Structure formats: C-alpha cells, structure tokens
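Here are the chains, one letter per residue:
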Amino acid sequence: MGAGSIIPTPLRFSSGILIESSKAGKILLDIGPGTIEKLRKLGVNPNEIETVLVTHLHIDHVVDLLPLIKLRAYASDKRRLKIYGPKGIKEWLSLLITDQRLFGYLSRLGCPDLIDVHEKHSGSSLLNPDVKVSSTPVQHFGGIAYKLELGGRTITYSGDTPRDPKLIEFARGSTVLIHECSFPREKLFGKHTSDEDLIRIASEVEPEVLIVVHLYPEMEEREESLKRRLKDAFHGEVYIPRDLDIIEV
Ligand SMILES: [Zn+2]
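Please read all numbers here as calculations on a predicted model, not as lab measurements.

(A) Just unusual backbone geometry, in detail. Positive phi, normally seen in glycine, also occurs at Phe-141, with a value near 55°. In this structure, Glu-206 is a non-glycine residue whose phi angle is positive, near 50°. Relative to the assigned elements, Glu-206 resides in the loop between α7 (195-205) and β11 (209-213).

(B) Inspection of helix α3 (residues 65-74) at higher detail. By the burial criterion, the buried members of α3 are Leu-65, Leu-68, Ile-69 and Arg-72. Buried residues of α3 fall within an arc of 100° about the axis and therefore sit on the same side. Relative to its buried face, α3 has exposed residues pointing more than 90 degrees away, namely Leu-71 and Tyr-74.

(C) Expanded view of the nonpolar core. Formed by 59 residues in total, the largest nonpolar core has its most connected members in Leu-29, Val-52, Leu-53, Val-54, Tyr-146 and Ile-178. No other element matches strand β8 (residues 144-150), which puts 5 residues into this core. If near-sequence neighbours (up to four positions away) are discounted, Ile-178 is found in contact with Ile-17, Ile-155, Thr-156, Tyr-157, Ser-158, Ile-211 and Val-213.

(D) Spatial organisation of the pairing of β8. With respect to burial, β8 is a largely interior element, 7 of its 7 residues being buried. Residues Ile-144, Tyr-146, Leu-148 and Leu-150 line one face of β8 and the alternating positions Ala-145, Lys-147 and Glu-149 line the opposite face, and both faces are buried. Here 7 bridges tie strand β7 (residues 131-137) to β8, and the two strands are oriented antiparallel to one another. Within β8, the residue paired with Val-133 across the bridge is Leu-148. The turn linking β7 back onto β8 is made up of 6 residues, and Phe-141 within it adopts a positive phi angle of 55°. Remark: 2 residues form the turn of the hairpin made by β8 and strand β9 (residues 153-157), two consecutive strands paired antiparallel; Gly-151 in that turn has positive phi of roughly 50°.

(E) View of the environment of Leu-65. Within the secondary structure, Leu-65 is located in helix α3. Classification of Leu-65 by C-beta neighbours within 10 Å gives buried; the count is 25. Each C-alpha atom of the pair Leu-65 and Phe-170 lies 27 Å from the other, and the pair is 105 residues apart in sequence. For Leu-65, the contacting residues outside a window of four places in its chain are Ile-31 and Val-52.

(F) Expanded view of the pairing of β9. Here β9 lies mainly inside the structure; 4 of its 5 residues are buried. Of the strand pairs in this sheet, β9 and strand β10 (residues 176-180) are connected by 3 bridges, and their pairing is parallel. Along β10, the bridge assignment pairs Tyr-157 with Ile-178. Where the polypeptide runs from β9 across helix α6 (residues 165-171) and back to β10, its parallel neighbour, the crossover connection is right-handed.

(G) Structural context of the sheet that holds strand β2 (residues 25-31). Spatially, 5 strands are ordered β1-β2-β3-β4-β5 in an open sheet, and the strand pairing comes out mixed. Here the strands that pair on one side only, and so sit at the sheet edges, are β1 (16-21) and β5 (115-120). The sheet shows a mean angle of 20° between the axes of neighbouring strands, taken without regard to direction. Bridge count between strand β3 (residues 51-53) and strand β4 (residues 81-86): 3 bridges; the pairing is parallel. For Thr-51, the partnering residue across the bridge sits in β4 and is Lys-82.

Rules and cut-offs
Residues numbered from 1 in each chain as written. Predicted model: local features only at pLDDT ≥ 70, side-chain atom pairs only at ≥ 80, totals over all residues. Helix = DSSP H or I, 4+ residues; strand = E, 2+ residues; numbered from the N terminus. Buried ≥ 20, exposed ≤ 12 C-beta atoms within 10 Å, placed from the backbone. Arc of directions from axis to C-beta. Core = buried A, V, L, I, M, F, W, Y, C linked by C-beta atoms within 7 Å. Contact = placed C-beta atoms within 7 Å. Pairing = 2+ DSSP bridges. Right-handed = clockwise from strand over helix to strand, strands pointing away. Axes fitted to C-alpha atoms, helices over the stretch in contact; angles between N-to-C directions.

Structural data, given as structure tokens:
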C-alpha cells in the first residue's frame, strides 16, 4: 500500500503492506497515513482486515490505526480487529481511545470492545490455525520485525531497522523478505538501512523474493541502480514497489 517514508513523493508514501492469502485472509503489516485510502483504491473493504501487525509506534507506521478502529464501530457486523505490536502498544492505544483529552470519544462508540491487542517481543504464536507469526526486536525505538508462516511460505518484514545480524538470522530461509532501505550510504540518517547494507543483507539472507520498501526521496532517485546492484548480489527476484503495486508469490 505504502512503500515510502513520511515524506510523500509522486510514487510513494508511508508504510503499509497488505498480505492477502486464501488461508490467512487479510493482514496488514503496518498502517501508516494513507493506508485506508489505498485500501479503498484497491477495492478492499477495511472491515475485512482481520489483523494488523505494527512494527513500531512511529507516525509513518501507525497513524491510520485509529481510523480503522473507528470505522469498525460503524459496521453492522462489528468484527473484532486483532492488533499485534511492540511492548507498550496496549497502554499507548488505551490512552488514545480512552483519555478524553485525546480521542476518548472512541470509547463511547464501543471501540475498546472491538479490538484484541497483543504485545510481541520475541517468540512465536498462531494468528489463526493456518498462520504462525514470530517476532524479534530490532534496533529502532523499541520496534520489532515479523515473520509470517503460511501456506508453505515464509514472509519476513523488517520494519525500520539498521542492518542487524540477529534479524538476518531470523530472516534466513524466508521465501519473501520485505526489508527497508531508507537512504544511500553517504546520506544514511537515523536508525535505518542504507543501499550498501541492503546489498549485504540480500546476499546473507538469500530470499527467493526481496521486496524493498521505506525509500526516502534520496533513495528513490537511485531506484534503478539499486535494483541492478541487488540483482547482482544474490539469486532471488527483486522488487522495489511503488504504492499500490501488487506482487503475487
Ligand atoms: Zn518509518
């Protein structure tokens, strides 16, 4: 849904990935600003999202969560939304939807009864009988990365992180690796992954499919050369999607 950063470009904006599978249903990985509008553009009913997996509580990854919760309160079938996130997400969300100085009116709409919030750190659990979710901490403001195992395929999503040997170990053997690549090396800023870091990561993880996300404008300018260099670095397929691109695995 969103393959860029907090800085909008004509091609990309903030983080959000929709995983659709016959067994898993509809799962969102992060839900940054614009995600709901993009669900609308793709004709996906937001009431059908079963689970949101949040990597960390930064604006570009989480801001559309409140609208998603609110619109469920207006749906006739009142389907519950499962939310997974890093340590602290329970208190954070509870504050937002109950404190009258913030968005406390959501409580009067019954929103607290429409969500099941689970805090993750490391370890595995079942999202449903067909989908296993694992997580591991990353070095980005208390964030976590996720791994989904469904239908014989494994999808690992880094969220925001610098290159991290623990994450590489966690991701090894994945069918699909969705990894951030924020900046070119000489412009690397904050706790993020550079183009050169990602080339190394691709060769270490050797996924069948690498999907590169979270490009800041400086990285987007070099999209073509990044793709060429990544293709030389390992044997799998490389996608650097734009917002709303669909990748079938
Ligand atoms: Zn981010």
